[in-house]
Amino acid sequence: MKAVGLTRYLPIDDPESLVDVELEQPEPGGRDLLVAIKAIAVNPVDTKVRAPKETVESSPKVLGWDASGIVEAVGPDVELFQPGDEVFYAGDITRPGCNSEFQLIDERIVGSKPKSLDFAEAAAIPLTSITAYEAFFDRLELDVEGANAGETLLIVGGAGGVGSIGIQLAKLAGLTVIATASRPESTAWVQELGADHVISHYEPLRPQIEALGLKYVDSIALFNNTDQHWESAVDLIRPQGKIVSIVENVEPLAQSMMKTKSATFVWEFMFTRSMFETPDMIEQHRLLNRISKWIDGGQLRSTANEVLSPINAANLRAVHQKLETGRSIGKIVIQGWD
């Protein structure tokens, strides 16, 4: 099968950083599905895994954690899907990724593709929707059914992939969404997705929050540069409020004011369930099916903002390079094979 992989971890402007390769098509066992990949999306995690380091792989490492496709074959223990089913999923960071014609994926982290979306539109959804859903409804413990309606949620990094679906999920739950954006085009994007207020993360946050008539916000989601925004987040979170982050810190995060406020800080990492095969791993299957239902019901929209073709090393290098600028809006998708 065709695939895109790496053996050395190189700067993205090096043509050897991602290369076209031929690999043996895998066979499904256990609860695995063998999926014929139709479209993929690229996320910041791809660029972080590919980032330069001294390691050399003995065989090509395949990246990619956002895909849509058709079930080609199933393992003997599969219960949820059958060949011919159209699916979408983010995957498992401990296994080969989706930048290949076929991929093995545990059925417990796979959802049924929204019928109203094509494969490219569907591929933009899984990783970011799982991340935002878990961040809001598992980690911040907000109620997806609306029990927290009217509460304020500050989303730092509203125009990125996670922020783009996160704004929509937060509005479904009835929250008042304050999203950060830094450029006219990203501001327009988050407003189109339903943000109630837009502020700039390049300017001090407190004066902008106070200009909205607020002293504190009820919950904060850091989807962009935890270190840079930590002090502001701690200042703005209400006493006994909660902050969630998806971006690892470089410097220690001061906790004294968090203690004074009895505030909570929690991490979200969407690969946790698959990486550790947690007892509730199947929740990601259920989550993706709920997302699919909302999309087909017109309550959510795809966040695909650019679609390239075909899936190959040259196009993947171009997308990695764009993501590394930190200025992309929504999701970038690549579909089809030569």
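What counts as what
Each chain has its residues counted from 1, running along the sequence as written. Where local features are concerned, this predicted model is filtered to residues with pLDDT of at least 70; where side-chain atom pairs are given and counted, the filter is 80 or more; whole-chain, interface and lining totals use all residues. For side-chain calculations, the full set of non-hydrogen atoms in the structure is used, while hydrogens and water are omitted. Burial here depends on accessible area, computed with a 1.4 Å probe over protein chains only, as a share of the maximum for the residue type. Under 20% is buried, over 50% is exposed, and the range in between is partly exposed. In this text, helices come from DSSP runs of H or I with a minimum length of four residues, and strands from runs of E with a minimum of two, each type numbered from the N-terminal end. DSSP bridges decide pairing: two strands pair if at least two such bridges lie between them. We count a salt bridge whenever a side-chain nitrogen from Lys or Arg sits within 4 Å of a carboxyl oxygen from Asp or Glu. Pairing of aromatic rings covers Phe, Tyr and Trp, the last counted by its six-membered ring, and requires centre-to-centre distances within 6.5 Å; plane angles under 30 degrees mean stacked, over 60 mean edge-to-face, and any other angle means tilted. Contacts are assigned to residue pairs that have any heavy atoms within 4.5 Å of one another. Note that patches include only residues with greater than 30% relative accessible area and no salt bridge, and the join distances are 9 Å for like charges and 5 Å for nonpolar side chains (Val, Leu, Ile, Met, Phe, Trp, Tyr). Reported accessibility uses the Shrake-Rupley method at a 1.4 Å probe radius. Residues are deemed covered only where the shown protein chains occlude them. Any pair of nitrogen or oxygen atoms within 3.5 Å is treated as a polar contact; in protein, a donor-acceptor pairing is required on top of that, and neighbouring residues in sequence qualify only through side-chain atoms on both sides. Take the buried residues of types Ala, Val, Leu, Ile, Met, Phe, Trp, Tyr and Cys, join any two whose side-chain atoms come within 4.5 Å, and each joined set is a nonpolar core. Axis angles are defined between N-to-C directions and span 0 to 180 degrees, where every axis is a line fitted to C-alpha atoms and, for a helix, only to the segment in contact.

Draft legend 1. Layout of helix H3 (residues 126-139). Among the 14 residues in H3, 12 count as buried, and that is most of the element. Turning to H3, its buried residues number three or more, namely Pro126, Leu127, Thr128, Ser129, Ile130, Thr131, Ala132, Tyr133, Glu134, Ala135, Phe136 and Phe137. Just downstream of H3, Glu141 is the residue with a positive phi angle, here 60 degrees.

Draft legend 2. Spatial organisation of the pairing of strand E1 (residues 2-9). Strand direction decides the pairing type here: E1 and strand E2 (residues 19-22), joined by 4 bridges, are antiparallel. Within E2, the position partnered with Gly5 by the bridge is Val19. Looking at chain direction, E1 and strand E4 (residues 53-62) are connected through 4 bridges and run antiparallel. Across the sheet, the residue bridging to Leu6 is Lys61, located in E4.

Draft legend 3. Just the pairing of strand E5 (residues 67-74), in detail. Where strand E3 (residues 32-42) and E5 come together, 7 bridges link them in antiparallel fashion. Across the sheet, the residue bridging to Ile37 is Gly69, located in E5.

Draft legend 4. The pattern of salt bridges, seen in detail. As enumerated under the stated definition, the model contains 23 salt bridges in all. For Asp138, the salt bridge goes to Arg273, with nearest N and O atoms at 3.4 Å. On the criterion of sequence distance, the pair formed by Asp138 in helix H3 and Arg273 in helix H9 (residues 272-276) is long-range, its members being 135 residues apart. On the basis of relative accessible area, Arg273 is assigned to the buried category, the value being 10%. A salt bridge links Glu192 to Arg301; its shortest N-O distance comes to 2.6 Å. Pair noted here: Glu192 is in helix H5 (residues 184-193) and Arg301 is in the loop between helix H10 (283-296) and strand E15 (304-308), with a separation of 109 residues, a long-range link. Residue classification places Glu192 among the exposed residues on the basis of a relative accessible area of 52%.

Draft legend 5. Molecular detail of the packing of aromatic side chains. Here the structure, examined in full by the defined rule, presents 8 aromatic pairs. When the centroid spacing of 6.2 Å and the interplanar angle of 75 degrees are considered together, the rings of Trp65 and Phe271 count as edge-to-face. Highlighted residues: Trp65 in the loop between E4 and E5 and Phe271 in the loop between strand E14 (264-267) and H9, separated in sequence by 206 residues. Residue Trp65 shares its accessibility class with Phe271, and that shared class is buried. Look at Phe136 and Phe137: their rings are 6.1 Å apart centre to centre, the planes differ by 80 degrees, and that puts the pair in the edge-to-face class.

Draft legend 6. Focus on the environment of Ile155. For Ile155, the position within the fold is in strand E9 (residues 152-156). Judged by relative accessible area, Ile155 falls into the buried class, the value being 0%. It is 4.7 Å that separates the C-alpha atoms of Ile155 and Ala179, two residues lying 24 residues apart in sequence. Setting aside anything within four residues of it in sequence, one finds Ile155 in contact with Phe136, Gly163, Gly166, Ile167, Val177, Ile178, Ala179, Thr180, Ala221 and Phe223.

Draft legend 7. Inspection of a nonpolar patch on the surface at higher detail. Taken together, the side chains of Phe269, Met275 and Phe276 make up a nonpolar region of the molecular surface, amounting to roughly 310 Å² of accessible area. Assignment of secondary structure puts Phe276 in helix H9. Phe276 sits in the exposed class, given a relative accessible area of 59%.

Draft legend 8. Structural detail: the side chain of Arg108. Position of Arg108 among the secondary structure elements: in the loop between strand E7 (102-106) and strand E8 (110-112). Using a relative accessible area of 18% as the deciding quantity, one classes Arg108 as buried. For Arg108, the side chain forms a polar contact with the side chain of Asp106, separated by 2.8 Å. Sequence-distant contacts of Arg108, that is, excluding residues within four places in its chain, are made with Arg31, Glu277, Met281, Ile282, Gln284 and His285.

Draft legend 9. Layout of the nonpolar core. Counting residues in hydrophobic clusters, the biggest one holds 77 residues, and the most contacted among them are Phe136, Leu169 and Ile291. The element contributing the most residues to this core is H3, with 7 residues. Leaving out residues up to four positions away in the same chain, Phe136 has contacts with Glu141, Leu142, Leu153, Ile155, Gly166, Leu169, Ala170, Ala221 and Phe223. Listed in part, the 18 residues of the second largest apolar core include Leu154, Ile178, Val234 and Met258.

Draft legend 10. The arrangement of the sheet that holds E9 in detail. Taken in spatial order, the 6 strands make up an open sheet running E11-E10-E9-E12-E13-E14, and their pairing is parallel. Of all the strands in the sheet, just strand E11 (197-199) and E14 have a single pairing partner and so form its edges. Neighbour to neighbour, the strand axes of the sheet diverge by 20 degrees on average, direction disregarded. Two elements, strand E12 (residues 217-222) and strand E13 (residues 237-245), share 5 bridges in a ladder whose sense is parallel. Pairing of Val217 across the sheet is with Ile237, part of E13. Packed on one face of the sheet, helix H7 (residues 226-236) meets E9, E12, E13 and E14 and runs near 160 degrees to E13.

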